[in-house]
Every structure is written in structure tokens, then in C-alpha cells.
Amino acid sequence: MDLEARSLQPNVKAVLLAKLREYKSDLNNLKSEHKRLASANSNQAARDDLLESGMADAMSVSANQRGRLMMSTERLNESSDRIKESRRTMLETEELGVSILQDLHQQRQSLLHANDTLHGVDDIISKSKKILTNMSRRMSRNKWIISSIIVVLVVAIALILYFKLSK
């Protein structure tokens with residue numbers, strides 16, 4: 001019980017450890033009382049004193065001890081129930097933590113997949129930009145070539161007209 005109480009949360013642990021110490025001291029008191037009574041039974045003088053004091057004192061001591069023992073047993077059972085409840089709560093919390101970790105793993109996988117897709121789209125956009133830039137350069141070059149051809153044709157027509165009209 002001591003190890004189980006030490007592994008619990010600090011707020012619950014302090015209470016349980018205090019009660020455990022109390023139970024241990026009660027148990028030690030009962031053991032010493034038992035040893036004292038056992039040694040008293042073996043000792044003839046103690047027997048005589050016990051018999052002289054009367055059976056009423058022995059009965060009251062026995063009833064008192066029985067009451068304390070029952071109270072200690074009840075406290076021990078309550079502590080055991082609380083420890084079982086704490087263990088059940090711990091297991092539920094652990095299951096919830098595992099579930100959350102699984103959800104986070106799935107979300108991470110989704111984000112990684114989205115990131116990979118985004119990089120692929122980014123690469124395609126870069127290629128498209130290069131293609132459009134090349135098309136724009138070709139179009140500009142073609143405009144210059146057509147403009148040059150038109151100028152050459154206009155000059156040729158002007159020369160032909162000049163020579164035809166001047167003759």
C-alpha cells in the first residue's frame with residue numbers, strides 16, 4: 001500500500017501517506033499490546049495480577065481493543081476502496097491519453113500529407129511560371145521579328161514606288 005500511495009498524485013498522496021502512517025502506528029501499538037499480553041500470560045505474577053484485577057477489567061480492555069481493531073479495519077477497508085478507485089481513475093486517464101495520442105498521430109500524418117502535396121503544387125507552379133516566362137519572351141521576340149519584317153516590306157514597297165514613279 002505504501003508503494004501504491006507514493007505513486008499517486010501529490011494531493012491524494014499526502015492524505016493517504018498520513019493515514020498509512022496512522023495505521024502503521026496503530027498496528028505497532030496493537031503488536032506491542034499483543035506481545036505484552038502474551039508475555040503477561042507466560043509470567044505467573046502477571047497472571048495473578050490479572051486475575052486479582054478481575055475479569056471486568058479484562059473484558060473492558062478486550063472490548064476496547066476490539067473496538068479499536070474494528071475501527072482500524074474499517075479505515076483500512078476505506079483506504080483500500082479509495083486506492084482501488086484511484087487506480088480505476090488512473091487507468092481511465094491512461095486510456096484517454098492513449099486515445100488522444102492516437103488522434104494526434106493521425107492529425108500529424110494528415111498534416112505531413114498536406115505538406116507534401118503543397119510542395120508538389122509549389123513545384124508545378126514554379127515550372128508553370130518558367131514556361132509562361134519563356135512563352136512571353138518568345139512572343140516578344142516574335143513581335144520584334146514581325147515588326148522588322150513589316151518595316152522591311154514598307155521600305156521595299158516605298159523603294160518600288162519611288163523607282164516606278166520616278167521613271
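Residues numbered from 1 in each chain as written. Predicted model: local features only at pLDDT ≥ 70, side-chain atom pairs only at ≥ 80, totals over all residues. Heavy atoms only, no water.

Visitor: Can you lay out the overall build of the chain for me, pointing to particular residues and giving the numbers?
Guide: The secondary structure content of the chain amounts to four helices and zero strands. Counted from the first residue to the last, the chain has its helices and strands arranged as α-α-α-α. In the chain, buried positions account for 8% of the 167 residues. In the chain, 63% of the contacts between residues at least 6 apart in sequence involve partners at least 24 apart. When the accessible surface of the chain is split by element, carbon and sulfur atoms take 63% of a total near 14,300 Å². (Helix = DSSP H or I, 4+ residues; strand = E, 2+ residues; numbered from the N terminus. Buried < 20%, exposed > 50% of the residue type's maximum accessible area, 1.4 Å probe, protein only. Contact = heavy atoms within 4.5 Å. Areas by Shrake-Rupley, 256 points an atom, 1.4 Å probe, with all protein chains shown as cover.)

Visitor: Give a detailed account of the side chain of Arg75, specifying residues and quantitative values.
Guide: You can see Arg75 is positioned in helix α4 (residues 55–166). The residues touching Arg75, leaving out its near neighbours within four places in the chain, are Glu22, Tyr23 and Asp26.

Visitor: Can you tell me about a nonpolar patch on the surface, naming the residues and giving the values?
Guide: Nonpolar side chains collect at one region of the surface, where Val151, Val155, Leu159, Tyr162 and Phe163 lie side by side and expose about 510 Å² of accessible area between them. Inspection of the secondary structure assignment puts Tyr162 in helix α4. (Patch = residues over 30% accessible without salt bridge, like charges linked within 9 Å, V, L, I, M, F, W, Y side chains within 5 Å. Salt bridge = Lys/Arg side-chain N within 4 Å of Asp/Glu carboxyl O.)

Visitor: Tell me about the environment of Thr73, residues and numbers included.
Guide: With respect to the element layout, Thr73 can be found in helix α4. For the pair Thr73 and Tyr23, spaced 50 residues apart in sequence, the C-alpha to C-alpha distance is 9.2 Å.

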